[in-house]
Amino acid sequence: MDKQRRKFLKIAGVTALAGLSAPAVIKLTSSPALASSETPGEAAGHAAPAEAHGAEGHGAEQAAHTGVRLGMLIDMRKLYGRPDLMDKATAACHKVHNVPHIENKKNEIKWLWHAPFENVFPEHSSYHESKVTAENDFMVLCNHCDEPPCVRVCPTKATFRDEKTGIVAMDFHRCIGCRFCMMGCPYGARSFNWMDPRPYIKEYNADFPTRMRGVVEKCNFCGERLALGQEPACVEAVKEVGAFVFGDLNDPNSEIRQRLDQDHTIQRKPSLGTKPSVFYIV
Amino acid sequence: MYNKRFIIPGLAILVLIVTFPLWFNAFSKASAVPKPELPPGGEKQCVASIPEMRASHMVMLNEWRDAVLRDEDRVAVTVNGKEYRKGLQMACMQCHSNKEKFCDSCHEYASVKPYCWDCHLTPAVLATKKETH
């Protein structure tokens, strides 16, 4: 009896020791493999914010995607003191896409709208802001990010980044209305149809569908108009002042790139690393 | 056989009741094969042959949807020199301008409820708030 207990304790002790040291042994033996898989992830994690700070948010400089990447430059200088032009652009956009006009803030649907500086650029100081900044609203729309968080969170791939154009598009057929994308989007660019939108549409565009209750919608950079060789509706609406410049950000000869080279531009929430495709001159 | 006079009529009634759906539909107009209205504009040609459209228009619509939305392939389909833009509203309803007499006639008969019209506009709905420019 005594002898057996002694034996049992010995075995238990050795087993416990082996069990405790096993993770350490595994870690030691497989360290090269682990290290190699960890390093790029870590590096990317550190690089993203650094890049965003260093390049003042011009994510395009280190864009992961090649090929066409459509973007927009909004020259706010041409829209200061002209809320009528901003409303005109919004009206054109909303008309073309059968966007309902719902007054109620909770239910409203927005593709293109305007908001005060501190709401559009919360990362930029609005302390002692200039008169122009304080008095004017700024045009806001989907940023068609190069790293769109809405696409990452969509469980049905209803929203996706179109590889041919860089547009963050939506397939309303697939949207299940979970609103993850609205949580994911740091710009509030997405609206949810809490109710049937049709009664709130003044007049229908025959070439575009409406949406139904329970889907999310947002700006699509006028993909359907681009296919016909037309400009986005907002660009066309305020053509007279040329406040919107639309084009391929990856093409060094495009008008938008030349304009970006000329002037200092800012983007919305650059530190998030979403790499927006919409630029502002303020 | 005991109770012959109850069993035989009872069996007859049972058979009648069991086969009720068959003979009821045979004599009612529910069994009439629907005749969808041809395009009021008199168009004789579609993007594909009639049997093909009848059997698999839904497949084609899904393919168009995926082409337009997923692959950015919005190039119009050209059949015998006529261009059709890919889209329910942009192609189909241009000729088949009466959804109630064309689409619905078969869909109701077959008891299928496609959700196209939750978002897509029928010519009738479109006419209620027609764009005027």
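The structure displayed is predicted, hence computed values, not measured ones.

**Student:** Please provide a residue-by-residue account of the overall build of chain B, values included.
**Tutor:** Helices and strands together make up the secondary structure of chain B, namely seven helices and two strands. The helix and strand sequence of chain B, counted from the amino end, reads α-α-α-β-β-α-α-α-α. Against the globule reference of 14 Å for 133 residues, chain B gives a C-alpha radius of gyration of 23 Å, more extended than a compact globule. For chain B, the spread of C-alpha atoms along the three principal axes comes to 80 × 30 × 30 Å. The buried share of chain B, reckoned over its 133 residues, is 13%.

**Student:** Provide a residue-level description of the confidence of the model for chain B, including the pertinent values.
**Tutor:** Here chain B averages 90 in pLDDT, while 96% of its residues score no lower than 70. This prediction of the complex comes with two scores: 0.76 for pTM and 0.79 for ipTM.

**Student:** If you had to explain the interface of chain B and chain A to someone new, which residues and values would you point to?
**Tutor:** Contacts between the two partners involve 16 residues from chain B, matched on the other side by 21 residues from chain A. Contributing elements (two or more residues each) for the side of chain B that touches chain A: α3 (50-69), α4 (88-95) and α6 (116-119) of chain B. Its residues assigned to classes, the side of chain B that touches chain A shows five nonpolar, three polar and eight charged.

**Student:** Give a description of the confidence of the model for chain A that names residues and reports values.
**Tutor:** For chain A, mean pLDDT is 88; residues scoring 70 or higher make up 87% of the total. Residue range residues 34-61 of chain A is modelled with pLDDT below 50. Its contacts to residues more than four positions away, or to other chains, number 17 contacts.

**Student:** Any chance you could break down the sheet that holds strand β9 (residues 278-281) of chain A for me, citing the residues and the numbers?
**Tutor:** Residue and element names in this part refer to chain A. Ordered by their spatial adjacency, three strands build an open sheet running β8-β1-β9, and the pairing between neighbours is mixed. Each edge of the open sheet carries a strand with a single partner, namely β8 (244-248) and β9. The average angle at which neighbouring strand axes cross in this sheet is 20 degrees, direction not considered. Across five bridges, the pairing between strand β1 (residues 70-75) and β8 is antiparallel. Looking at the pairing, Ile74 lines up with Phe244 of β8. Those strands touched by helix α10 (residues 255-262) are β1, β8 and β9, and its axis lies near 115 degrees from that of β8.

**Student:** Explain unusual backbone geometry residue by residue, including any values.
**Tutor:** For residues other than glycine, phi is negative in most cases, and the peptide bonds are mostly trans. Residue and element names in this part refer to chain B. One non-glycine residue, Asn3, adopts positive backbone phi at about 55 degrees. Along the polypeptide, Asn3 turns up in the segment before α1 (4-18). Note on Asn3: 8 C-beta atoms within 10 Å, which makes it exposed. Non-glycine residue Ser111 carries a positive phi angle of around 55 degrees. By the secondary structure assignment, Ser111 is in the loop between α5 (103-109) and α6. Judged by the 6 C-beta atoms lying within 10 Å of it, Ser111 falls in the exposed class.

**Student:** Tell me about the domain arrangement of chain A, and name the residues and values.
**Tutor:** What the domain assignment lists for chain A is domain 1 (2-44) and domain 2 (67-281). Averaged C-alpha coordinates put domain 1 of chain A and domain 2 of chain A at centres separated by 54 Å.

Reading guide: rules and limits
Residues numbered from 1 in each chain as written. Chains lettered and ligands numbered in written order. Predicted model: local features only at pLDDT ≥ 70, side-chain atom pairs only at ≥ 80, totals over all residues. Helix = DSSP H or I, 4+ residues; strand = E, 2+ residues; numbered from the N terminus. Rg over C-alpha atoms; globule rule 2.2 N^0.38 Å. Buried ≥ 20, exposed ≤ 12 C-beta atoms within 10 Å, placed from the backbone. pLDDT = per-residue confidence, 0-100. Contact = placed C-beta atoms within 7 Å. Nonpolar A, V, L, I, M, F, W, Y, C, P; charged D, E, K, R; others polar. Pairing = 2+ DSSP bridges. Axes fitted to C-alpha atoms, helices over the stretch in contact; angles between N-to-C directions. Domains from an automatic or database assignment.

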